[in-house]
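Secondary and tertiary structure notes
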Amino acid sequence: EAQVTQNPRYLITVTGKKLTVTCSQNMNHEYMSWYRQDPGLGLRQIYYSMNVEVTDKGDVPEGYKVSRKEKRNFPLILESPSPNQTSLYFCASSLVGGVDTQYFGPGTRLTVL
Amino acid sequence: QKEVEQDPGPLSVPEGAIVSLNCTYSNSAFQYFMWYRQYSRKGPELLMYTYSSGNKEDGRFTAQVDKSSKYISLFIRDSQPSDSATYLCAMSAELYSSASKIIFGSGTRLSIRP
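Reference entry: report on the structure contained in this document. Fair warning: this is a prediction, and the values are worked out from it, not measured in the lab.

Let's shift gears to the environment of Thr24 of chain B. Residue and element names in this part refer to chain B. Note on placement: Thr24 falls in strand E3 (residues 19-25). Assessed through its relative accessible area of 31%, Thr24 is described here as partly exposed. As for Thr24 and Glu3, which are separated by 21 residues in sequence, their C-alpha atoms are 8.4 Å apart. Non-local contacts of Thr24, meaning those with residues more than four positions away in its chain, are made with Glu3, Val4, Glu5, Lys70 and Tyr71.

The following block contains the structure:
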């Protein structure tokens with residue numbers, strides 16, 4: 001089954017404790033992206049990657065890191081999480097990016113205390 | 001001012017009603033318009049995609065774009081309880097770009113009463 005998977009689905013952590021949210025897709029897509037979704041603000045792009053070893057900042061990259069060492073994986077790293085990073089996070093992939101159909105993962109709800 | 005404005009709702013209508021969901025935008029460069037549907041505890045999924053002005057129909061769903069008014073709409077005919085979800089509009093100025101940027105609305109929560 002074609003899908004984007006994220007882990008963990010739920011995470012409660014404390015300020016400053018490094019964490020990684022994994023994202024994997026099995027559709028051989030070139031483009032992958034991370035979004036955060038907050039009430040009233042909609043989906044905002046954090047980082048995106050056009051291909052392996054190619055990443056770029058989205059609208060709200062501060063406090064986040066990503067890497068794209070393999071085509072299928074695009075982990076999101078919070079080196080020192082803060083309470084304002086409490087949010088619902090989505091990973092997405094598409095064949096070539098742009099307005100090509102994006103396939104979203106199920107989401108990771110992160111709470112930073 | 002946000003680039004894309006969307007009424008958050010919630011919008012509650014009886015089963016069988018026609019639903020109208022709308023977004024306004026400020027960037028006249030937007031040419032590509034999308035509607036995503038997001039069920040509770042799920043990621044968004046693409047529902048419809050249109051280019052420039054005009055209408056596009058897919059089953060019970062019709063997407064409408066009025067670029068002169070910077071206004072887009074999604075109509076749902078014969079609404080069903082299974083249509084209950086949050087609907088997000090999204091738009092972009094470019095089809096494919098190394099710096100492609102899609103702007104999402106904040107979503108309208110829709111509930112269809114049986």
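And the narrative resumes.
A word on the sheet that holds strand E7 (residues 65-66) of chain A. Residue and element names in this part refer to chain A. Here we have four strands laid out as an open sheet, ordered E1-E3-E8-E7, and antiparallel in their pairing. Where the open sheet ends on each side, the last strands, each with one partner, are strand E1 (4-7) and E7. Across three bridges, the pairing between strand E3 (residues 19-25) and strand E8 (residues 76-78) is antiparallel. Residue Val21 lies in a different strand from E8, and its bridge partner there is Leu76.

This paragraph deals with the state of the cysteines. Tallied over the entire structure, the rule returns two disulfides over all chains. Residue Cys23 of chain A pairs covalently with Cys91 of chain A via a disulfide, S to S 1.8 Å. What sets the handedness of the Cys23 of chain A and Cys91 of chain A disulfide is the S-S torsion sign, and at about -70° it is left-handed. Here the residue Cys23 of chain A occupies a position in strand E3, and Cys91 of chain A occupies one in strand E9 (residues 87-94), the gap between them amounting to 68 residues. Put simply, Cys23 of chain B and Cys89 of chain B are joined by a disulfide, and their sulfur atoms are 2.0 Å apart. Every disulfide takes its handedness from the sign of the S-S torsion; for Cys23 of chain B and Cys89 of chain B that torsion is -105°, giving left-handed. One end of the pair, Cys23 of chain B, is in strand E3; the other, Cys89 of chain B, is in strand E9 (residues 85-92), with 66 residues separating them in the sequence.

Each partner contributes to the interface: chain B provides 25 residues, whereas chain A provides 24 residues. Between chain B and chain A, a total of about 1800 Å² is buried, with carbon and sulfur atoms accounting for 56% of that surface. Taken together, chain B and chain A are joined by zero salt bridges. Inspection of the chain B/chain A interface yields two residue pairs in polar contact (both at pLDDT 80 or more). Breaking the side of chain B that touches chain A down by element, the ones donating at least two residues are strand E4 (32-38), strand E5 (45-51), E9 and strand E10 (102-104) of chain B. By residue number, the principal contributor to the side of chain B that touches chain A is E4 of chain B, which donates four residues.

Take the packing of aromatic side chains next. All names here are of chain A. The full count for this structure, using the stated rule, is 12 aromatic pairs over all chains. Plain terms: the ring middles of Tyr35 and Phe104 are 5.6 Å apart, the flat faces sit at 40° to each other, and that makes the pair tilted. Linking Tyr35 in strand E4 (residues 31-38) with Phe104 in strand E10 (residues 103-104), this pair joins segments that are 69 residues apart in sequence. No difference in accessibility class separates Tyr35 from Phe104, as the two residues are buried.

The next thing to look at is a nonpolar patch on the surface. On the surface, Leu95 and Val96 of chain A together with Leu95 and Tyr96 of chain B cluster together into a nonpolar patch covering about 350 Å² of accessible area. Within the element layout of this structure, Leu95 of chain B appears in the loop between E9 and E10.

Look at any regular strand and the pattern is simple: side chains alternate between the two faces of the sheet. Residue and element names in this part refer to chain B. Of the two faces of E3, only the one carrying Val19, Leu21, Cys23 and Tyr25 is buried; Ser20, Asn22 and Thr24 on the other face are not. One ladder, built from three bridges, connects strand E1 (residues 4-6) with E3; its direction is antiparallel. Paired with Gln6 across the two strands is Cys23, which belongs to E3.

For the rest of this paragraph, the subject is the pattern of salt bridges. Under the definition given, this model contains eight salt bridges over all chains. The shortest N-O distance in the salt bridge between Glu79 of chain A and Lys65 of chain A comes to 3.2 Å. With Glu79 of chain A in the loop between E8 and E9 and Lys65 of chain A in strand E7, the pair connects residues that are 14 residues apart, well separated along the chain. The class of Glu79 of chain A is partly exposed, set by a relative accessible area of 40%. The partner of Arg37 of chain B in a salt bridge is Glu45 of chain B, and the shortest N-O contact between them spans 3.2 Å. Residues joined in a network through salt bridges with shared partners are Lys18, Lys65 and Glu79 of chain A.

Thresholds, definitions, all that
- Residues numbered from 1 in each chain as written.
- Chains lettered and ligands numbered in written order.
- Predicted model: local features only at pLDDT ≥ 70, side-chain atom pairs only at ≥ 80, totals over all residues.
- Heavy atoms only, no water.
- Helix = DSSP H or I, 4+ residues; strand = E, 2+ residues; numbered from the N terminus.
- Buried < 20%, exposed > 50% of the residue type's maximum accessible area, 1.4 Å probe, protein only.
- Contact = heavy atoms within 4.5 Å.
- Pairing = 2+ DSSP bridges.
- Disulfide = S-S within 2.5 Å.
- Buried area = accessible area lost by both parts, 1.4 Å probe.
- Salt bridge = Lys/Arg side-chain N within 4 Å of Asp/Glu carboxyl O.
- Polar contact = N/O pair within 3.5 Å; in protein donor to acceptor, adjacent residues only side chain to side chain.
- Phe/Tyr/Trp six-rings, centres within 6.5 Å; stacked < 30°, edge-to-face > 60°.
- Patch = residues over 30% accessible without salt bridge, like charges linked within 9 Å, V, L, I, M, F, W, Y side chains within 5 Å.
- Areas by Shrake-Rupley, 256 points an atom, 1.4 Å probe, with all protein chains shown as cover.

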